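# Fold and geometry: a report
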Amino acid sequence: MRAPARPLPPIVEDVAAEALALASQLHTARGFQWEAPPMGRYDSPDPALDGFRNDPTGHAAADPRRLALRAAVVDAELKLSAATETMKHARTDLDHALRRWQGEPTLARDAA
């Protein structure tokens, strides 16, 4: 079924705009989720960070800001996947309703 050449309803424009904005943020965040945050460098003169100079990899791996970014990336990907499935189901349901409205059978039991 081909989409009509009409302006998109505002809700569709909103969904498309949010999907593009999320895709852009995910592209950026995916690259940073495995890196140490830029603040709190290991060569800091702060004596409280003295122990971290001995294990910069461990510090980066356990940094709560990096872990929060990683969790947000995973959460966004899961929500995007769920939204995609929801839209697929809505499109299928609408397609079946339109076909039934037009008098076309949509399932074997409808043909009987």
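Each helix and strand in the protein was counted, giving four helices and zero strands. Listing every helix and strand of the protein by position from the N terminus yields α-α-α-α. Residues classed as buried in the protein amount to 11% of the 112 residues present. Long-range pairs, those at least 24 residues apart, make up 57% of the contacts in the protein with a sequence separation of at least 6. Of the roughly 9100 Å² of accessible surface on the protein, 62% is carried by carbon and sulfur atoms.

This next bit is on the packing of helix H1 (residues 10-32) against helix H3 (residues 64-101). Contact pair H1 / H3: the axes reach a minimum separation of 10 Å and the direction vectors enclose 150 degrees. Of the two possible hands of crossing, H1 and H3 adopt the one that is left-handed. Here Val 15, Leu 22, Leu 26, Ala 29, Arg 30 and Phe 32 of H1 lie close against H3, whose contacting residues are Leu 69, Val 73, Ala 76, Glu 77, Leu 80 and Met 87. Grouping the constituent residues of the contact of H1 with H3 by class yields 10 nonpolar, no polar and two charged.

It is worth spelling out the environment of Ala 36 at this point. Inspection of the secondary structure puts Ala 36 in the loop between H1 and helix H2 (56-62). Between the C-alpha atoms of Ala 36 and Gly 58, which are 22 residues apart in sequence, the distance is 9.8 Å.

Time to look at the confidence of the model for the protein. When pLDDT is averaged along the protein, the result is 83; 76% of the residues meet or exceed 70. Summarising per-element confidence for the protein, the mean pLDDT is lowest in helix H4 (residues 108-111) (52) and highest in H3 (95).

Turning our eyes to something else, we now look at the environment of Thr 57. Inspection of the secondary structure puts Thr 57 in helix H2. Take Thr 57: its relative accessible area is 62%, and that puts it in the exposed class. Taking the C-alpha atoms as reference, Thr 57 lies 9.5 Å from Glu 35; in sequence the two are 22 residues apart.

What counts, and at which threshold
- Residues numbered from 1 in each chain as written.
- Predicted model: local features only at pLDDT ≥ 70, side-chain atom pairs only at ≥ 80, totals over all residues.
- Heavy atoms only, no water.
- Helix = DSSP H or I, 4+ residues; strand = E, 2+ residues; numbered from the N terminus.
- Buried < 20%, exposed > 50% of the residue type's maximum accessible area, 1.4 Å probe, protein only.
- Contact = heavy atoms within 4.5 Å.
- Areas by Shrake-Rupley, 256 points an atom, 1.4 Å probe, with all protein chains shown as cover.
- Axes fitted to C-alpha atoms, helices over the stretch in contact; angles between N-to-C directions.
- Left-handed = near helix turned anticlockwise from the far one by under 90°.
- Nonpolar A, V, L, I, M, F, W, Y, C, P; charged D, E, K, R; others polar.
- pLDDT = per-residue confidence, 0-100.

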